[in-house]
Amino acid sequence: MTTALLIGESATDESSRTLGDHVVGQLLRLSAVAGLKDTDAALYAQILADSLGAASTRLLSLPPPSASFLSDDHTPVEFSLTFRPDAAPALRVLVEPGCAADDMADNGRQGLAVIRDMASRWDFSTAQLDCLEDLFLLPDSQGPLALWYALELHPSGAPKVKVYLNPAASGSMQAAATVREALHRLGHRQAFAALPDGAAYPFLALDLGPWESPRVKVYTAHPGLSASEACALNRAQPGPAPEDVATFFRLAAGVGRPTGEGNEPEPRLDRRPALACHSFTENETGQPSGFTLHIPVRDYVRNDDEALDRADALLSHFGMKGAVLSDALAALTSRPLSDGVGLIAYLALAHQRDRLPRITVYISSEAYAVRPPLAPLAEQAGPHLR
Ligand code: TRP
C-alpha cells in the first residue's frame, strides 16, 4: 500500500487531506457501487494514486497542481459510467498523470512513463503509442493536454487502458495533418478521408491492453450543432439509427421535438461544443466502426438535479436501468445536486457496429471547486440554446 492509500480513508483532519485521499476515496466508493471486489478496487485505487505522482500527496487546501483541462475545476481525474442494456454499468477513470509537471513536454514524458509501467505490469505492447511519439510528445509540445489515460475498471483485475493525445501538440494549424499522419502510421490509410469536417481535433485516442479489437479514435469538435446536423456527422456504416441520435441530442440538450409548424429555427448548442468521435478497428475499408456523440450537458442545464433528470430520461429511453447513477453521484459528493452544476460533465451516445447503443455519463471529482448553479428559470433567459 502506498502512503496515499493508507492516509486515504483514515484522514479525518480536513487540513491534512490530499488530492490522493480525495480521488482514492471516490474511486473506492464508486467501485462498491459498480459491484467491484474490494481487492480489485484497492488495486485500482493504488494505481490511480501512484500514477498521479507528486500531485497525489499534494494538500487539497492548495490550488490544483496545474490548470488541467481535464475538468472545469482542474482536478486531474474524472470518472465515468457506461450503461448498456444487456450488462452491468462499467466504471472508468480518466487521469492526467503528468499534471504536476512544469510544462507540456514534461507532462507528456511523465505520462508516457506511467503508461510504460502499466504495460510492463499487465504485459501489453506500447508499439502503437511508440510509433506516434514524435508526432504528439515533442520537446516543445503546446496546448491543453499532452497525455491522459483512462482505465476501464474491469472486475477481472486487468483493466483496459486508453491513451489520449493532443493532435494540436505542434499547433492547431498542424492538427489535421498530425491526425492524418498518425492514422497512416497505424495502418488506417483511408481513415482520415472518412472523417467529418470539424472545427478542431481535440483528441486522438488509442486502446492498449486486453481489448478484443483495439481502436484508434479521432475526436472532432462541432460548435453550434443542431439535432439534424448531429445525425449527419456519423460516418460509420452501419451506424446508429438517425432517430436514436436525434432523440439523444434532444433529451441531452433539453430541447423539444420540432413541431413542424412554421419555420422555427432548429435549436443549436451555442456554448461548449458537442464532440463527435469515430473509431477505427480494421483498415481494409477505411470505414469507421464506431460513432460517439458527446454533449457537454453542464453548459445546458441550470444545476445537477436537471442534469440527472436528463441522464435518467436518456437511460430509460434506451432501455437501461439508471439506479446506479444516483448512487454513483452520492458516492462522489454529499452536496445537494441543486447546489451546483458540472458534477455531470458530459452525456454520450456510443454506437459500435452490431452492438446495442451505450450511454456514458461523465462525472466530475470536484476536488477543488463546485460551479454555482444558474438562477431558476423565472430569473433568467433560458437554457442557452439559440
Ligand atoms: N474537460 C474537457 C472538456 O470538457 C475534456 C474532457 C473531459 C472530455 N472529459 C471528457 C471531453 C469527456 C469529452 C468527453 O472538453
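Here, the structure is the one placed above.
**So, the site of the ligand**
Thought 1: Neighbouring residues of the ligand: Phe69, Leu70, Ser71, Glu78, Leu94, Trp148, Phe203, Leu275, His294, Arg298, Tyr346 and Tyr362.
Thought 2: Separating an oxygen atom of the ligand from a side-chain N or O atom of arginine 298 is a distance of 2.7 Å.
Thought 3: Between the ligand and the protein, one listed contact pairs an oxygen atom with a side-chain N or O atom of tyrosine 346 at 2.8 Å.
Thought 4: Protein coverage of the free-state accessible area of the ligand, which is 350 Å², stands at 93%.
Thought 5: Looking at the shell around the ligand residue by residue, the classes come out as eight nonpolar, two polar and two charged.

**Examining the pairing of strand E3 (residues 147–152)**
Thought 1: Counting buried positions over the six residues of E3 gives six, a clear majority of the element.
Thought 2: Here E3 shows no split at all, with Leu147, Tyr149 and Leu151 on one side and Trp148, Ala150 and Glu152 on the other all buried.
Thought 3: By the bridge criterion, four bridges tie strand E2 (residues 87–95) to E3 in an arrangement that is antiparallel. Among the inter-strand pairings, valine 93 is bridged to a residue of E3, identified as leucine 151.
Thought 4: Pairing between E3 and strand E4 (residues 160–165): six bridges, direction antiparallel.

**Describing the environment of glutamate 78**
Thought 1: Note on placement: glutamate 78 falls in strand E1 (residues 77–84).
Thought 2: On the accessibility criterion, glutamate 78 (7% relative accessible area) is buried.
Thought 3: Apart from residues no more than four positions distant in its own chain, glutamate 78 is found in contact with Leu70, Arg92, Val93, Leu94, Ala345, Tyr362, Ile363 and Ser364.

**Quick word on helix H7 (residues 175–185)**
Thought 1: Considered for burial, the residues of H7 that qualify are Ala175, Thr178, Val179, Ala182 and Leu183. Take H7 and look down its axis: the buried residues cluster within an arc of 130 degrees, on one side only.

**Quick word on the pattern of salt bridges**
Thought 1: For the coordinates displayed, the defined rule picks out 17 salt bridges.
Thought 2: One salt bridge in this structure joins arginine 298 and aspartate 72, with 2.7 Å as the shortest N-O distance. Placement of the pair is arginine 298 in the loop between strand E8 (290–295) and helix H11 (304–317) and aspartate 72 in the loop between helix H3 (38–51) and E1, with a sequence separation of 226 residues.
Thought 3: Exposure remark for arginine 298: the relative accessible area of 8% places this residue in the buried category.
Thought 4: Of the residues examined, aspartate 72 reaches a relative accessible area of 37% and is grouped as partly exposed.

**Re the side chain of asparagine 234**
Thought 1: Checked against the element boundaries, asparagine 234 lands in the loop between helix H9 (227–233) and helix H10 (242–253).
Thought 2: A distance of 2.8 Å separates a polar side-chain atom of asparagine 234 from the backbone nitrogen of alanine 236.
Thought 3: If sequence neighbours within four positions are ignored, asparagine 234 has contacts with Gly239, Pro240, His278 and Phe291.

**Points about the environment of alanine 276**
Thought 1: Looking at the element boundaries, alanine 276 is found in strand E7 (residues 274–280).
Thought 2: With relative accessibility at 0%, the residue alanine 276 sits in the buried group.
Thought 3: Setting aside residues up to four positions removed in sequence, alanine 276 forms contacts with Val218, Tyr219, Thr220, His222, Leu233, Phe291 and Thr292.

**Observations regarding the sheet that holds E8**
Thought 1: A barrel is described by the order of its strands in space; here 10 strands give the closed sequence E1-E2-E3-E4-E5-E6-E7-E8-E9-E10, paired in antiparallel fashion. When the angles between neighbouring strand axes are averaged without regard to direction, this sheet yields 20 degrees.
Thought 2: Sheet topology note: the E7/E8 ladder contains five bridges and is antiparallel. Looking across to E8, one finds that leucine 275 is bridged to histidine 294.
Thought 3: Sitting on the sheet, helix H4 (residues 104–122) touches E3, E4 and strand E5 (204–208), and the angle it makes with E3 is about 30 degrees.
Thought 4: The sheet strands contacting H11 are E1, strand E9 (344–352) and strand E10 (358–364), and the helix crosses E9 at an angle near 15 degrees.

**Concerning the pairing of E10**
Thought 1: Of all seven residues that make up E10, seven are buried, and the element is covered over most of its length.
Thought 2: Burial of E10 is two-sided: the residues Arg358, Thr360, Tyr362 and Ser364 facing one way and the residues Ile359, Val361 and Ile363 facing the other way are all buried.
Thought 3: Both E1 and E10 contribute to a ladder of six bridges, which runs antiparallel. By the bridge assignment, leucine 81 is partnered in E10 with valine 361.

**A short note on the side chain of arginine 335**
Thought 1: Considering the arrangement of structural elements, one finds arginine 335 in the loop between helix H12 (323–332) and E9.
Thought 2: There is a polar contact of 3.4 Å between the side chain of arginine 335 and the backbone oxygen of leucine 337.
Thought 3: In this structure arginine 335 touches Asp304, Gly340, Val341, Leu343, Glu366 and Val370, once residues within four positions along its chain are discounted.

**Quick word on the nonpolar core**
Across soluble globular proteins, nonpolar side chains show a tendency to be buried alongside one another.
Thought 1: Residues Met118 and Phe248 are the most contacted members of the largest nonpolar core, which totals 102 residues.
Thought 2: One finds Ala221, Leu275, Ala345 and Tyr346 within the second-largest nonpolar core, a separate group that totals 16 residues.

Calculation notes
Residues numbered from 1 in each chain as written. Predicted model: local features only at pLDDT ≥ 70, side-chain atom pairs only at ≥ 80, totals over all residues. Heavy atoms only, no water. Near = heavy atom within 4 Å. Polar contact = N/O pair within 3.5 Å; in protein donor to acceptor, adjacent residues only side chain to side chain. Areas by Shrake-Rupley, 256 points an atom, 1.4 Å probe, with all protein chains shown as cover. Nonpolar A, V, L, I, M, F, W, Y, C, P; charged D, E, K, R; others polar. Buried < 20%, exposed > 50% of the residue type's maximum accessible area, 1.4 Å probe, protein only. Helix = DSSP H or I, 4+ residues; strand = E, 2+ residues; numbered from the N terminus. Pairing = 2+ DSSP bridges. Contact = heavy atoms within 4.5 Å. Arc of directions from axis to C-beta. Salt bridge = Lys/Arg side-chain N within 4 Å of Asp/Glu carboxyl O. Axes fitted to C-alpha atoms, helices over the stretch in contact; angles between N-to-C directions. Core = buried A, V, L, I, M, F, W, Y, C linked by side-chain atoms within 4.5 Å.

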